[in-house]
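The residues making up each chain are set out below.
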There are 2 protein chains.
Amino acid sequence: MFRPQITVLDCTVRDGGLINKWQFSNDFVRKIFDALSKAGVDYMEIGYKSSEKYFSRQDNGAWKFCTEDDLKRIVGDEDRKIKLSAMADIGRVDFQDIPNKKDSVLDMLRVACYAHEVDKGIDLAHHCMEKGYEVTINLMAVSKVLEKDLDEALEDLAKSHVPIIYLVDSFGAMYSEQIHFLAKKYFAALPGKQLGMHAHNNQQLAFANTIEAIIAGINYLDATLYGMGRGAGNCPIELLLNFLKNPKFDIRPVLEIIQESLIPMKKEVEWGYHIPYMITGVLNEHPRSGMKIMDSKRLPDLRQFYEDLRDGTPLE
Amino acid sequence: MFRPQITVLDCTVRDGGLINKWQFSNDFVRKIFDALSKAGVDYMEIGYKSSEKYFSRQDNGAWKFCTEDDLKRIVGDEDRKIKLSAMADIGRVDFQDIPNKKDSVLDMLRVACYAHEVDKGIDLAHHCMEKGYEVTINLMAVSKVLEKDLDEALEDLAKSHVPIIYLVDSFGAMYSEQIHFLAKKYFAALPGKQLGMHAHNNQQLAFANTIEAIIAGINYLDATLYGMGRGAGNCPIELLLNFLKNPKFDIRPVLEIIQESLIPMKKEVEWGYHIPYMITGVLNEHPRSGMKIMDSKRLPDLRQFYEDLRDGTPLE
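What counts, and where the lines are drawn
Residues numbered from 1 in each chain as written. Chains lettered and ligands numbered in written order. Predicted model: local features only at pLDDT ≥ 70, side-chain atom pairs only at ≥ 80, totals over all residues. Contact = placed C-beta atoms within 7 Å. Helix = DSSP H or I, 4+ residues; strand = E, 2+ residues; numbered from the N terminus. Nonpolar A, V, L, I, M, F, W, Y, C, P; charged D, E, K, R; others polar. Least-squares fit on C-alpha atoms with pLDDT ≥ 70 in both. Buried ≥ 20, exposed ≤ 12 C-beta atoms within 10 Å, placed from the backbone. Expected span 1.5 Å × (residues − 1). Arc of directions from axis to C-beta. Pairing = 2+ DSSP bridges. Axes fitted to C-alpha atoms, helices over the stretch in contact; angles between N-to-C directions. Right-handed = clockwise from strand over helix to strand, strands pointing away.

Caption draft 1: Up close: the interface of chain B and chain A. With 26 residues of chain B at the contact, the number on the chain A side is 26 residues. Contributing elements (two or more residues each) for the side of chain B that touches chain A: α7 (206–215), α8 (237–244), α9 (252–268), α10 (275–282) and α12 (302–310) of chain B. Top element by residues in the side of chain B that touches chain A is α9(B). It accounts for five residues. Residues belonging to the side of chain B that touches chain A are distributed by class as follows: 16 nonpolar, five polar and five charged.

Here you go:
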């Protein structure tokens with residue numbers, strides 16, 4: 001489908017870093033940056049903007065922090081067409097740790113928050129807008145939010161100045177019907193705003209749900225190389241770019257970087273469709289219990305895991 | 001979605017056998033039969049009905065042939081709720097090699113054919129119906145068929161006595177829009193008949209497209225354990241059964257057999273999402289060139305493979 005307004009954001013390093021605490025080499029990140037630039041991808045989300053007060057560099061790679069020094073090692077000072085984004089979590093970054101846009105190579109900051117803390121999210125988002133950035137709010141885990149609470153959060157977002165709001169299927173629990181239902185609800189509640197879609201692949205539906213989001217009129221689309229991302233991963237960008245048929249995209253540099261960097265990376269770092277993630281997805285639960293299993297490299301009795309999680313007595 | 005008419009057919013052994021020439025142990029097939037029975041799955045497709053004149057038992061396991069002796073080793077003579085099916089390809093089985101239903105433990109025969117040979121398919125299907133079987137026709141590879149030729153094939157099928165016609169996405173090339181378009185076309189052209197859906201997972205859309213088929217009114221659904229099947233595999237039955245919410249299905253025996261038999265099998269036999277299959281899928285080509293790559297255990301230059309296949313000069 002060719003719709004010129006469609007904007008693709010690659011969050012391989014940001015979401016993929018949730019698996020290995022952003023322990024990527026500069027070379028790996030630079031190659032991804034180059035490939036996405038050549039492929040015509042609109043944004044690269046290179047990591048989180050977090051404060052070093054709350055997280056240590058001993059435990060986390062550079063892309064947990066995304067200081068200007070970190071970023072410039074990758075992108076240099078050259079002109080570039082691809083824009084750079086970082087994600088900011090409520091309470092994990094202090095306002096004073098965010099430089100003014102004129103002093104940063106970042107173009108966009110995306111604020112991730114839950115419905116119950118949307119006021120804090122809007123506050124941080126407005127602060128980032130005042131500093132000169134493009135800004136989105138990504139409302140997480142809405143598959144667990146009661147409709148009344150979601151409607152209230154959307155009312156608050158409607159009153160904010162934030163121009164782009166993401167529909168986020170954090171648990172990979174949604175089907176196409178939910179995507180259409182929520183997209184319609186968001187558009188109705190948020191007049192004048194653009195919507196984005198961030199999907200997870202627990203039920204092998206991340207790409208399919210992104211297609212449904214496009215059909216529903218959503219223009220901002222998250223994806224990752226080879227689907228790399230926490231747990232079951234994300235919408236594979238190689239599938240999305242091919243689907244879009246927009247002449248600005250070239251899938252070939254994406255195939256090259258997947259072969260050179262992602263296929264080798266997948267031997268070291270685990271993501272993709274696995275039954276523990278499928279179980280958290282179908283039960284609409286956070287993937288953490290599935291990740292604990294996959295990290296342990298030893299599958300427990302999967303039927304028991306399913307029954308326990310369904311009945312509210314998860315392993316952990 | 002709970003629609004009582006929905007019928008699930010597991011074709012793990014039949015489609016999965018395309019990877020390893022049906023070299024499954026009796027124990028493996030029996031365990032699958034037991035698990036699917038306990039899970040409440042409606043049909044198990046246990047293999048192909050082929051003539052030993054055309055294929056040798058040296059090269060192919062028992063499930064390429066599905067003689068009564070082969071079948072009885074697995075299912076015995078006991079009463080069972082799950083029905084048994086086998087697939088028959090045009091020109092690969094002679095009429096006289098198909099016993100009368102009263103002498104067979106098989107309940108259903110599914111005739112696979114291309115649009116250009118639909119007359120032969122109908123001929124074989126009618127023969128099987130006369131012998132007392134439930135019968136379907138699975139019209140393969142329709143993503144490559146010109147609309148005029150497809151309409152003619154559907155006209156022929158409409159005139160036949162065959163009650164169930166499958167929409168088959170052999171190359172994993174279809175998106176939800178194609179599923180809805182074709183389902184509407186098939187229903188309009190085939191009044192009074194039931195439709196089925198058989199999807200492949202080259203673009204991670206087998207489950208998603210099966211959901212869209214359900215929404216479009218299709219009641220016969222193919223799936224396989226852990227998605228096992230040729231190339232990128234099929235719609236994973238564990239995802240489908242969970243989605244259906246029909247009280248007749250129990251996902252737990254499916255989780256057990258996946259853990260016991262399919263996860264170990266996947267270490268020996270390759271299926272699932274891999275870039276060579278993704279490339280054949282997005283280019284709407286037969287997976288054979290992707291399978292050749294995956295069999296060789298050595299990836300060629302994937303960008304080159306993509307360009308060659310796109311430009312009509314595949315590797316083989």
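Caption draft 2: Geometry of the relation of the copies chain B and chain A. Mapping chain B onto chain A calls for a screw motion: a turn of 180° about the axis and a shift of 0.0 Å along it, with 0.0 Å RMSD after fitting. Such a combination of rotation and displacement between the chain copies is what one expects of a two-fold axis. Interface overlap between copies: 100% of the residues of chain B at the interface are likewise at the interface in chain A, consistent with a symmetric, same-surface contact.

Caption draft 3: Just unusual backbone geometry, in detail. With a phi close to 55°, Lys21(A) is a non-glycine residue in the positive phi region. When you line up the elements, Lys21(A) lands in the loop between α1 (12–20) and α2 (26–39). Owing to 13 C-beta atoms within 10 Å, Lys21(A) belongs among the partly exposed residues under this scheme. Despite not being glycine, Tyr226(B) has its phi angle at roughly 60°, a positive value.

Caption draft 4: Representation of helix α5 (residues 147–159) of chain A in the model. Residue and element names in this part refer to chain A. Taking 1.5 Å of rise per residue, 13 residues should cover 18 Å, and α5 covers 19 Å from first to last C-alpha, within 8% of that figure. Within the sequence span of α5, burial applies to Ala153, Leu154 and Leu157. In an axial view of α5, the angular spread of the buried residues amounts to 100°, which keeps them on one side of the axis. Exposed and facing more than 90 degrees away from the buried side of α5 are Lys148, Glu155 and Lys159. Buried positions along α5 lie against α4 (118–130), β5 (134–140), β6 (164–168) and α6 (176–189).

Caption draft 5: Expanded view of the sheet that holds strand β8 (residues 220–223) of chain A. Residue and element names in this part refer to chain A. With parallel pairing, the eight strands of this closed barrel are ordered in space as β1-β2-β3-β4-β5-β6-β7-β8. Taken pair by pair, the neighbouring strands of this sheet meet at an average axis angle of 25°, ignoring direction. Across five bridges, the pairing between strand β3 (residues 83–89) and strand β4 (residues 108–114) is parallel. Paired with Ala88 across the strands is Val111, a residue of β4.

Caption draft 6: Focus on the sheet that holds strand β8 (residues 220–223) of chain B. Residues and elements named next belong to chain B. Sheet architecture is closed into a barrel: eight strands sit in the order β1-β2-β3-β4-β5-β6-β7-β8, paired in parallel fashion. The sheet shows a mean angle of 25° between the axes of neighbouring strands, direction not considered. Where strand β5 (residues 134–140) meets strand β6 (residues 164–168), four bridges bridge the pair, whose relative direction is parallel. Note that in β6 the partner of Thr136 across the bridge is Ile164.

Caption draft 7: Region of the structure containing the pairing of strand β7 (residues 194–198) of chain B. All names here are of chain B. Within β7, four of the five residues are buried, which leaves it mostly tucked inside the rest of the structure. Alignment of β6 against β7, held across five bridges, turns out to be parallel. By the bridge assignment, Leu167 is partnered in β7 with Met197. Tracing the backbone out of β6, into helix α6 (residues 176–189) and back to the parallel element β7 gives a crossover that is right-handed. As judged from the two bridges shared by β7 and β8, these two strands associate in the parallel manner. What sits directly across from Gly196, in β8, is Tyr220.

As far as function goes, none of this settles anything; it's purely spatial.
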